[in-house]
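In case you want the letters, here they are:
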Amino acid sequence: MESSARFQRSHSVPKGDPRTAELVNSLQHCSKSYGDRHLDVPKGFRRRHNSWSSSSRGANQATPKKNGVKNGISQMKQRDDECFGDGMDDGLDTDFDFEGNLALFDKAAVFSEIDTSERRNGARSGGTPHEHTPSRYRHDENIIEGKPIVYRQITVPQPGAKEYCTDSGLVVPSIAYELHKRLLSVAERYGLTLERRLEMTGVCASQMALTLLGGPNRFTPKNLHQRPTVALLCGPHVQGAQGISCGRHLANHEVEVILFLPNFVMMLDSVTSERTLFSKTSGKLVSNIKDLPDTPVDLIINSLDCHENTFLMDQPWYRAAAEWANQNRAPVLSLDPPVSGQVQAKWSLSLCLPLPLAEGAGRVYLCDIGVPRQVFQEVGIKYLSPFGCKFVIPLHSA
């Protein structure tokens, strides 16, 4: 401003002269900062202030003049020209042509190029939107295409009268009792003894029974005063020994077990040993049907039936026990039942491969007792385990 005043005194123009307006405009233009002269900021935009500009300093501050800084100032002016120079706002006043640019996009050509690229790379082709809707995968589905699923993974030389299938659709054929007996005999020859089978069957059967009794919702510390009651009906055979093993495991899990086993002069060694182990639990052992509860229990486990000695069905103790089970309103779980029996069951648990059970067997479950695959192959059965991550699976009539 001081230099402007000196300029006005040295270049004084009379009033009324037309050059007066031009001189005033020139002086006002010179008083602007460099950025203000070269940038007309439109409304709505915030103007950038440089630290060296006079607009960011006080009104009474003057720019210090130093000798030998002309080159630096010229470089700074050049940078300002690049930042605030002409042409910066050329495209701000024009509207973007959406319709015109959308018309330039060839949608079919782009999808065709993507489809060709995916097929060349061996990936799953999504196709164009007009062909089909792309598949959506669940969290349990595999994106990578695998081999086609073979649902018949078990083939037997002589199929039984029935076929079953698992929840995942795998076919499980039934077998005759003679083939089932030969399978267990070969497995025992290779080391899967009767004692091992009894323990494995008892564990799997007790796990299934605990689930039927309520599982974790019932077996909690808060429900110790409401312990479930299970009646166990066993005969003097291998199936009876399997039932006693199941009762021992249930008693160890705080279940009130009442074991019915008639007194016999001679019994199998497996039955005797299992009864001795059961006597060390809190379970109750009775030999008379009159000692069984009159009121309904939570669950009845039936191990009365035998695959070979069918004459036992004519014994008085068997008929009395079967009648008690059918009259009691508790559901019945049959362990390793034969093709036909006198006790009406709601569930039946078969071992290895199922037999063609009658309708009275209820819903069929299958138990894995650990027979190796090569044992199946030795008796002529092509076998691939249908159990997955479980030891007991439900079967459905195919």
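What counts and what doesn't
- Numbering of residues starts from 1 in every chain and runs along the sequence as written.
- In keeping with the model being predicted, local features are shown solely for residues with a pLDDT of at least 70 and side-chain atom pairs are shown and tallied solely at 80 or more, while totals for entire chains, interfaces and linings include all residues.
- Think of the side-chain values as coming from all heavy atoms in the structure, minus any hydrogens and water.
- Numbering goes from the N terminus for both helices and strands, where a helix is a DSSP run of H or I of at least four residues and a strand is a run of E of at least two.
- For every residue, the accessible area obtained with a 1.4 Å probe (protein chains only) is divided by the maximum for its type, and the residue is called buried under 20%, exposed over 50%, and partly exposed between those limits.
- Contacts: residue pairs with any heavy atoms within 4.5 Å of one another.
- Note on areas: these come from Shrake-Rupley sampling with a 1.4 Å probe, and a residue is covered only by the protein chains present in the view.
- The criterion for strand pairing is that DSSP finds at least two bridges linking the strands in question.
- Each axis is a line fitted through C-alpha atoms, and for a helix only the stretch in contact is used; angles between axes span 0 to 180 degrees, taken between their N-to-C directions.
- Angle categories: roughly parallel below 35 degrees, roughly antiparallel above 145, roughly perpendicular from 65 to 115, and oblique for all the rest.
- Crossing handedness: left-handed means the near helix sits turned counterclockwise from the far one by under a right angle, and right-handed means the same turn made clockwise.
- Amino acids outside the nonpolar list (Ala, Val, Leu, Ile, Met, Phe, Trp, Tyr, Cys, Pro) and the charged list (Asp, Glu, Lys, Arg) are all regarded as polar, and Gly is one of them.
- The pocket and cavity definitions rest on a 1 Å grid over protein atoms only: a 1.4 Å probe that fits but cannot leave marks a cavity, an open set with protein on both sides within 12 Å along at least five of seven lines marks a pocket, and residues lining either have an atom within 4 Å of a point.
- Grid points are joined across faces, edges and corners, and a volume is the space filled by probe spheres set on the points.
- Only residues above 30% relative accessible area that lack a salt bridge enter a patch, with like-charged residues linked at up to 9 Å and the nonpolar side chains Val, Leu, Ile, Met, Phe, Trp and Tyr linked at up to 5 Å.
- For this document, the term salt bridge refers to a Lys or Arg side-chain nitrogen within 4 Å of an Asp or Glu carboxyl oxygen.
- To pair, rings of Phe, Tyr and Trp, with the six-membered ring standing in for Trp, must have centres within 6.5 Å; the planes then decide the type, stacked if under 30 degrees apart, edge-to-face if over 60, and tilted in the middle.

Peer 1: Please explain the overall build of the chain as it appears in this structure.
Peer 2: Secondary structure summary: the chain contains twelve helices and eleven strands in total. Within the chain, the fraction of its 398 residues that count as buried is 36%. Contacts in the chain between residues at least 24 apart in sequence constitute 64% of all its contacts with a sequence separation of at least 6. When the accessible surface of the chain is totalled, it reaches about 25800 Å², and 51% of it is carbon and sulfur.

Peer 1: Would you mind going over the sheet that holds strand S1 (residues 163-165) with me for this structure?
Peer 2: Backbone hydrogen bonds hold the strands of a sheet together, and the pairing may be parallel or antiparallel. With antiparallel pairing, the three strands of this open sheet are ordered in space as S2-S1-S11. Strands with a single pairing partner mark the edges of an open sheet, and in this sheet they are strand S2 (171-173) and strand S11 (396-397). Where S1 and S2 come together, three bridges link them in antiparallel fashion. For tyrosine 164, the partnering residue across the bridge sits in S2 and is valine 172.

Peer 1: Would you mind going over the packing of helix H9 (residues 238-252) against helix H10 (residues 269-278) with me for this structure?
Peer 2: In a pair of packed helices, the angle between the axes and the distance between the axes together describe the arrangement. Here H9 crosses H10 at 15 degrees, and the two axes come no closer than 9 Å. Taken together, the axis directions place H9 and H10 in an arrangement best described as roughly parallel. Our pair here, H9 against H10, has a crossing hand that is left-handed. Two secondary-structure elements touch here, H9 through Ala241, Ile244, Ser245, Gly247 and Arg248 and H10 through Ser270, Val271, Glu274, Arg275, Leu277 and Phe278. Of the residues in the contact of H9 with H10, the class split is five nonpolar, three polar and three charged.

Peer 1: So what exactly am I meant to see when it comes to the packing of helix H8 (residues 194-212) against H9 here?
Peer 2: Relative to each other, H8 and H9 sit at 55 degrees, their axes nearing to 8 Å. As judged from the angle between their axes, H8 and H9 are oblique. Crossing hand, H8 versus H9: right-handed. Only Val238, Ala241, Gln242, Ser245, Cys246, Arg248, His249 and Leu250 of H9 make contact with H8, whose side of the interface consists of Leu194, Leu198, Glu199, Thr201, Gly202, Val203, Ala205, Ser206, Ala209 and Leu210. Here the residues of the contact of H8 with H9 are counted per class, giving ten nonpolar, six polar and two charged.

Peer 1: Whenever I open this one, the layout of surface pockets confuses me. Can you help?
Peer 2: Rolling a probe over the atoms, with the probe sized like a water molecule, indicates the empty space that remains. Estimated volume of the second largest pocket: approximately 350 Å³. Surrounding the second largest pocket, 18 residues form its lining, Tyr177, Arg197, Val238, Gln239 and Glu308 being those nearest its centre. Mapped by element, the contributors of at least two residues to the lining of the second largest pocket are helix H7 (177-189) and H9. No other element matches H7, which puts six residues into the lining of the second largest pocket. Looking at the lining of the second largest pocket, its residues break down into six nonpolar, seven polar and five charged.

Peer 1: How should a nonpolar patch on the surface be read in this particular structure?
Peer 2: A surface patch of nonpolar side chains, amounting to about 360 Å² of accessible area, comprises Leu102, Phe105, Val110 and Ile114. The exposure class assigned to valine 110 is partly exposed, which follows from its relative accessible area of 31%.

Peer 1: What's the story with the packing of aromatic side chains in this structure? I'm lost.
Peer 2: Ring pairs (aromatic) are described by centroid distance and by the angle formed between their planes. Per the stated rule, a full pass over the model turns up three aromatic pairs. For the pair phenylalanine 376 and tyrosine 383, a centre-to-centre distance of 3.8 Å together with 5 degrees between the ring planes defines the contact as stacked. Each member of the pair phenylalanine 376 and tyrosine 383 is classed as buried. A connected cluster of aromatic rings, assembled from ring pairs, spans Phe264, Trp317 and Tyr318.

From the geometry alone we can't say anything about function, so treat these as descriptive.
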